[in-house]
Amino acid sequence: MDSRLPILFVILVGMVGCSYGVTARTVPAGNVYSIHDSKIPGTFTMQIAGMDNCCRKEVRPSGYVCSAHNYPLDGGDALRSSIQNTLSQVFETIAPSEGQGNVIAVSVNRFDATIRFAPGFWSTQAYSTAEIGLDVKAMRNGKAVLSTSVFAERSKDGDGGAFCGDGSQVITEAIASATREVMERLAERLSNNPALRAQN
């Protein structure tokens with residue numbers, strides 16, 4: 001058998017378009033470096049903005065392999081949940097309102113994912129990169145004490161499947177990895193900020 005036939009099969013399959021949904025999952029901060037043993041004291045109002053339109057994407061492969069396919073993604077709910085879980089690890093009390101002048105506001109400034117495929121023997125190899133960026137503002141006792149940004153970019157690779165469908169799982173893993181990294185950076189930036197801990 002001609003050794004080129006499996007690769008040709010993969011390329012031809014990739015020219016028939018299909019849609020494979022990407023599932024984003026909640027990934028709060030894991031390993032957080034903090035110089036403090038306790039959470040930030042007090043009750044803080046949590047405000048999360050920019051979630052409605054930030055995280056709906058239709059990821060399309062770069063290159064010719066699997067180029068007819070698309071991978072719809074809506075990561076808004078998972079990212080919101082990740083932020084909520086992370087903030088609860090850092091602050092003593094998080095409330096949707098009535099923070100008594102203590103406010104933590106997080107907005108999404110970047111949420112993106114890419115994927116490309118390489119032909120293999122009866123299958124494809126998928127490579128995905130995800131980028132997530134957050135703007136963070138905080139007030140303590142009505143006074144602005146923090147304005148910063150955190151960003152993470154992570155890549156994953158894996159079997160894309162003979163029909164390119166497994167690429168959705170590779171995108172999922174790339175997003176999960178970037179989410180965990182940006183949540184850890186968010187938690188560390190907040191936990192180690194002395195002005196957020198000042199109670200006067």
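Preceding block: the structure.
Once a new chain begins, its residue numbering starts again from 1 and follows that chain's sequence as written. The model is predicted, so local features are restricted to residues of pLDDT at least 70 and side-chain atom pairs to those at 80 or more, both for listing and for counting; the totals for chains, interfaces and linings are taken over all residues. Only heavy atoms go into the side-chain values, all of them from the structure, while hydrogens and water stay out.

J.: Explain the packing of helix H3 (residues 76-90) against helix H4 (residues 167-191) residue by residue, including any values.
T.: All axes here are fitted lines through C-alpha atoms, helices being fitted over the stretch that makes contact, and every angle between N-to-C directions spans 0 to 180 degrees. Put simply, DSSP marks the helices as runs of H or I at least four residues long and the strands as runs of E at least two long, and each gets a number from the N terminus on. The contact between H3 and H4 brings their axes to 10 Å, and the two run at 35 degrees. The hand of the H3/H4 crossing is right-handed. Residue-level contacts link Leu79, Ser82, Ile83, Thr86, Leu87 and Val90 of H3 to Thr179, Met183, Leu186, Ala187, Leu190 and Ser191 of H4. Side-chain classes follow a simple rule in which Ala, Val, Leu, Ile, Met, Phe, Trp, Tyr, Cys and Pro form the nonpolar group, Asp, Glu, Lys and Arg form the charged group, and the remainder, Gly included, forms the polar group. Residues that form the contact of H3 with H4 fall into these classes: eight nonpolar, four polar and no charged. When the near helix sits turned anticlockwise from the far one by under a right angle, the crossing is termed left-handed; a clockwise turn instead gives a right-handed crossing. Between two residues, a contact is recorded if the distance between any of their heavy atoms is within 4.5 Å.

J.: Can you explain the state of the cysteines? Please cite residues and give values.
T.: Put plainly, a disulfide is one covalent bond tying together the sulfur atoms of two cysteines. Pairs of cysteine sulfur atoms within 2.5 Å are identified as disulfides in what follows. In the structure shown here, the tally under the stated rule is two disulfides. Each sulfur in the disulfide pair Cys54 and Cys55 lies 2.2 Å from the other. Every disulfide takes its handedness from the sign of the S-S torsion; for Cys54 and Cys55 that torsion is -70 degrees, giving left-handed. Of the two residues, Cys54 and Cys55, both sit in the buried class. Two residues, Cys66 and Cys164, share a disulfide whose sulfurs are 2.0 Å apart. Disulfide Cys66-Cys164: torsion about the S-S bond near -70 degrees, hence left-handed. Taken together, the residues span a long stretch of sequence, with Cys66 in the loop between strand S2 (56-59) and strand S3 (71-74) and Cys164 in the loop between strand S7 (143-159) and H4 at a distance of 98 residues. Cys164 shares its class with Cys66; the two are buried. With its disulfide-bonded cysteines labelled consecutively along the sequence, the protein is connected as 1-2, 3-4. Residue exposure (1.4 Å probe, protein chains only): buried if accessible area is under 20% of the type maximum, exposed if over 50%, otherwise partly exposed.

J.: Give a detailed account of the pattern of salt bridges, specifying residues and quantitative values.
T.: Basic side-chain nitrogens of Lys or Arg form a salt bridge, by our definition, when they fall within 4 Å of a carboxyl oxygen of Asp or Glu. In this structure the tally under the stated criterion is seven salt bridges. The partner of Arg110 in a salt bridge is Glu131, with the nearest N and O atoms 2.4 Å apart. Taken as a pair, Arg110 in strand S5 (residues 103-119) and Glu131 in strand S6 (residues 124-140) lie far apart in primary sequence, 21 residues in all. Relative accessible area serves as the criterion here: at 36%, Arg110 is assigned to the partly exposed category. The buried category is assigned to Glu131, whose relative accessible area is 18%. A salt bridge links Glu181 to Arg185, with the nearest nitrogen and oxygen atoms 2.8 Å apart. Separated by four residues within a single helix, Glu181 and Arg185 lie in helix H4, roughly one turn from each other. Residue Glu181 is classed as buried on the basis of its relative accessible area, which comes to 18%. Its relative accessible area of 31% is what places Arg185 among the partly exposed residues. One network of salt bridges, in which partners are shared, links Arg110, Asp112 and Glu131.

J.: Requested: an account of H4, with residues and values cited.
T.: Any helix carries an expected span of 1.5 Å times its number of residues minus one. Here H4 spans 36 Å end to end across 25 residues, near enough to the 36 Å set by a 1.5 Å rise per residue. The buried count for H4 comes to 18 of 25 residues, which makes it a mostly enclosed element.

J.: Give me the lowdown on the environment of Phe117, citing residues and values where you can.
T.: Within the fold, Phe117 resides in strand S5. Assessed through its relative accessible area of 7%, Phe117 is described here as buried. Remark: the alpha-carbon pair of Phe117 and Gly160, spanning 43 residues in sequence, is separated by 7.3 Å.

J.: How would you explain empty space enclosed by the protein if you had to name every residue and give the values?
T.: Grid points spaced at 1 Å over the protein atoms alone were grouped into cavities, where a 1.4 Å probe fits but cannot get out, and pockets, open sets with protein on both sides within 12 Å along at least five of seven lines, with lining residues defined by an atom within 4 Å of a point. Grid points are joined across faces, edges and corners, and a volume is the space filled by probe spheres set on the points. For the structure on display, the rule yields one cavity of 30 Å³ or more. Considering only enclosed or pocket space, the largest cavity measures out at about 30 Å³ in volume. What lines the largest cavity is Ala24, Arg25, Gly75, Ala78, Leu79, Ser82, Phe111, Ile175 and Thr179. Listing elements by their share of the lining of the largest cavity, those giving two or more residues are H3 and H4. The dominant element in the lining of the largest cavity, judged by the number of residues it contributes, is H3, at three residues. Per-class residue counts for the lining of the largest cavity are five nonpolar, three polar and one charged.

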